[in-house]
Structure formats: structure tokens, C-alpha cells
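The lines below spell out each chain.
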Amino acid sequence: MRPVKNNFKMNSSGTLDYFYTLKKRDSLGTSYLFVGDNQSLVYDIIKLISCCNDAHPCDSCWDCLMIDKRKHPNMHIVKPEYLTTTIDAVHQGIRFLTLKGFGLGKKILIIEDGDSLNKEAASAFLKTLEEPPKNSFIAICVSKIEGVLPTIISRCRKIFFPSSAADIDVSSAGAVGDFLRGDEVGFSDRKQFISFLWTFILLLHGSLVSRISGQNNQLPAGFEYEIILGQKSPQQIQNALNGALTMYGARKSVNINLALNLIRMKL
Ligand SMILES: [Zn+2]
């Protein structure tokens, strides 16, 4: 087993390529949870989605310029005030999505610093995330996935940015390879299991983005999971990723063997 590179990153060009591919295939999702401190990359993604040129993005058309100025009429930004995002601010954002848009572009709602949503404000979102208004795009930005309501996590597509994809623990990455191969994996304590689960999430997410964006530099090289994941369909990987995220939400109390079996079943 070769050592894993210690700098696993979801680079920004890979992420933009991923969204560019989704845009070209007309298979963009509606609700996204962006994890990691990189709100400027979220705005690049918004430009890419809205840009009228076949570029990623052109940075010079009217849409790109207005988004850079944060003044695009089809874009509404919800930000915390005094560290809290109020339910009123969320309601305003939801109302914005239901109003008639300017031109044909998507109506875009961005929740900056989503960590600041209190439970009440986050709950106000659930119905909109479940049945979003037509032609809308919702981006919820959080710095960490811990603390995000599981009901929000399950309703959004998840994108992890470099700052959250911190260095992968080498022994966990080895355990992920063993797990994917079908071998038993054991943990000396719950902390080790949680580290495994997080590494598993990052690797599956990286693999999915690589497959769809066509960039192969998203994952640390040299482990068998590259080959094993290569044999799985993107849908299988997505299912396993969703399963792992659910288990991560319950990581403090979930039965470890049960969690591993549930994730294995999805692959
Ligand atoms: Zn443009």
C-alpha cells in the first residue's frame, strides 16, 4: 500500500468543471449545501450557472458583472445579523423565490454563513427544499457539516470545499480501502470510527466529483478504493455517500456495526 498524499483537496477548478458539466447536461440540482469556508467559490458557481456565454464563467457579461457586484435582480442573499440568521430573513428569501424572475435566468437564493441559522429558521426552509419553486437554485453555505440539521442535509446535494476536506488520516484511508474491498474493519474507539466515516465521505465525494467533472486529481492516489469506486456507478456512490452522511449525523450514538452494514448495502 503506497502512502496517501497528505493534501487531499477538492480544487476549485474541479468543482467548477463539475458544475459546468451539470449545466451542459441540464442536470443541475436545485438545493445545494456547500461545506467549507469558500463563499467566493460559491459565487463563481452562481456566475457559471447564470452566465449566458458558454464559459465557466466569462466574468464579463452583464450577469457575471452583476453577480460580482452582488446586485443581480435574480439573486437574493440572506446573511446573519449579529451572528444570527432570523426566521424573517429566511421567509424573505423564500418569498423572493416565488416572485417572477428577471428574464429567463434562474432565481437564486444564497444563504451565507448557514451555521448561523437557528433551528427555527432552518426548519422554515424544509418545505421549500422539498418542493422548490420552478427554476430556482438554493445555495446554503456552512463552514462545517456538524450542527446542520439532518433534515437539511438529506434534502440538499452536498459539495465539500478544501477547507473542510482537511488532511485525510492515513490509517482511516487504509481502512476505507479494506471496507470497500469487503474486509472487516474494526475500531478501537468511537473517535476512530468517526474519523473513518469522515474520510469515507470525503473519498466518495471526491470520487463522484472526479467522475462527473472528468478531472482525476481530486483523490489521493495509490489506494485500492480508486479502482473499486471506479467499478461503481455514480448513483451507487451517491447512495453510499448519502448513507454515510446520515450515519455521520448520528455518529455519537449510532451502533457502529449497524452503520457499517447499512453503508455496505448501499454500495
Ligand atoms: Zn458571463
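Please refer to the structure higher up on the page.
The notes below deal with the structure included here. (Residues numbered from 1 in each chain as written. Predicted model: local features only at pLDDT ≥ 70, side-chain atom pairs only at ≥ 80, totals over all residues. Heavy atoms only, no water.)

### A word on the coordination of the zinc ion
- For the zinc ion, the full set of protein donor atoms is Cys 51 (SG), Cys 58 (SG), Cys 61 (SG) and Cys 64 (SG), and the range of their distances to it is 2.3 to 2.4 Å.
- Relative to the metal, the four donor atoms surrounding the zinc ion lie at angles of 100 to 118 degrees, and the coordination shape comes out tetrahedral.
- Counting the intervening residues between successive donors of the zinc ion yields the motif C-x6-C-x2-C-x2-C. Residue Cys 51 is found in the loop between helix 2 (39–50) and helix 3 (62–68), and its partner Cys 61 is found in the loop between helix 2 and helix 3; the two are separated by 10 residues along the sequence.
- Note on Cys 51: relative accessible area 4%, which makes it buried.
- A relative accessible area of 9% places Cys 61 in the buried class. (Donors = N, O, S within 2.8 Å, 3.2 Å for Na, K, Ca; no water. Tetrahedral: all angles 85-135°; square planar, octahedral: opposite > 155°, others 65-115°. Helix = DSSP H or I, 4+ residues; strand = E, 2+ residues; numbered from the N terminus. Buried < 20%, exposed > 50% of the residue type's maximum accessible area, 1.4 Å probe, protein only.)

### Some words on unusual backbone geometry
- Its identity is not glycine, yet Asp 59 carries a phi of approximately 65 degrees, on the positive side.
- Looking at where Asp 59 falls in the secondary structure, it is placed in the loop between helix 2 and helix 3.
- A residue is classified by how much of its surface remains accessible, and Asp 59, at 40% relative accessible area, is partly exposed.

### A few points about a nonpolar patch on the surface
- A contiguous nonpolar surface patch, about 310 Å² in accessible area, is contributed by Leu 258, Leu 262 and Met 265.
- Within the fold, Met 265 resides in helix 12 (residues 256–266).
- Residue classification places Met 265 among the exposed residues on the basis of a relative accessible area of 66%. (Patch = residues over 30% accessible without salt bridge, like charges linked within 9 Å, V, L, I, M, F, W, Y side chains within 5 Å. Areas by Shrake-Rupley, 256 points an atom, 1.4 Å probe, with all protein chains shown as cover. Salt bridge = Lys/Arg side-chain N within 4 Å of Asp/Glu carboxyl O.)

### A closer look at the pattern of salt bridges
- Counted by the stated rule, this structure contains six salt bridges.
- Of the charged contacts, one joins Lys 47 and Asp 68 as a salt bridge, the two residues approaching to 3.0 Å between their closest N and O atoms. Separated by 21 residues along the polypeptide, Lys 47 in helix 2 and Asp 68 in helix 3 bring together distant segments of the chain.
- Judged by its relative accessible area of 4%, Lys 47 falls in the buried class.
- According to the relative accessible area criterion, Asp 68 is partly exposed, its value standing at 39%.
- A salt bridge links Asp 183 to Arg 181, with the nearest nitrogen and oxygen atoms 2.8 Å apart.
- Looking at Arg 181, the relative accessible area reads 37%, which means it is partly exposed.
- A cluster of three or more residues bridged by salt bridges with shared partners is formed by Asp 44, Lys 47, Asp 59 and Asp 68.

### Quick word on the packing of helix 1 (residues 12–24) against helix 9 (residues 190–213)
- Contact pair helix 1 / helix 9: the axes reach a minimum separation of 8 Å and the direction vectors enclose 55 degrees. Considering their axes alone, helix 1 and helix 9 lie oblique with respect to each other. In the crossing of helix 1 with helix 9, the sense of the turn from one axis to the other is left-handed. Contact with helix 1, carried on its side by Gly 14, Asp 17, Tyr 18, Thr 21 and Leu 22, involves Val 209, Ile 212 and Ser 213 of helix 9 and no other residues of that element.
- The class makeup of the residues in the contact of helix 1 with helix 9 is four nonpolar, three polar and one charged. (Axes fitted to C-alpha atoms, helices over the stretch in contact; angles between N-to-C directions. Parallel < 35°, antiparallel > 145°, perpendicular 65-115°, else oblique. Left-handed = near helix turned anticlockwise from the far one by under 90°. Contact = heavy atoms within 4.5 Å. Nonpolar A, V, L, I, M, F, W, Y, C, P; charged D, E, K, R; others polar.)

### Considering the pairing of strand 4 (residues 136–142)
- Summarising burial for strand 4: seven of the seven residues are buried, a large majority.
- Taking every second residue as pointing to the same face, both faces of strand 4 are buried, with Ser 136, Ile 138, Ile 140 and Val 142 on one and Phe 137, Ala 139 and Cys 141 on the other.
- As defined by bridge partners, strand 1 (residues 31–35) adjoins strand 4 across five bridges and the pair is classed as parallel. Bridge pairing links Leu 33 to Ile 140 in strand 4.
- Relative to strand 4, strand 3 (residues 107–111) is paired through five bridges, and the arrangement is parallel. In the sheet register, Ile 110 faces strand 4, and the bridge partner there is Ala 139. (Pairing = 2+ DSSP bridges.)

### Quick look at empty space enclosed by the protein
- Inspection of the entire model under this criterion finds one cavity of 30 Å³ or more.
- Taken as a whole, the largest cavity spans an internal volume of roughly 60 Å³.
- If you trace the largest cavity, you find it lined by Tyr 18, Arg 157, Lys 158, Ile 159, His 205, Leu 208, Val 209, Gln 238 and Leu 241.
- Secondary structure elements with two or more residues in the lining of the largest cavity: strand 5 (157–160), helix 9 and helix 11 (234–249).
- Class assignment for the residues of the lining of the largest cavity results in five nonpolar, two polar and two charged. (1 Å grid on protein atoms, 1.4 Å probe; cavity = no way out; pocket = protein on both sides within 12 Å on 5 of 7 lines; lining within 4 Å. Points joined across faces, edges and corners; volume = space filled by probe spheres on them.)

### Some thoughts on the nonpolar core
- Judged by nonpolar contacts, the single largest core of 80 residues is most densely connected at Phe 19 and Ile 152.
- The leading source of residues in this core is helix 9, at 12 residues.
- Apart from residues lying up to four places away in sequence, Phe 19 is in contact with Leu 28, Tyr 32, Phe 34, Ile 45, Leu 48, Phe 137 and Ile 159. (Core = buried A, V, L, I, M, F, W, Y, C linked by side-chain atoms within 4.5 Å.)

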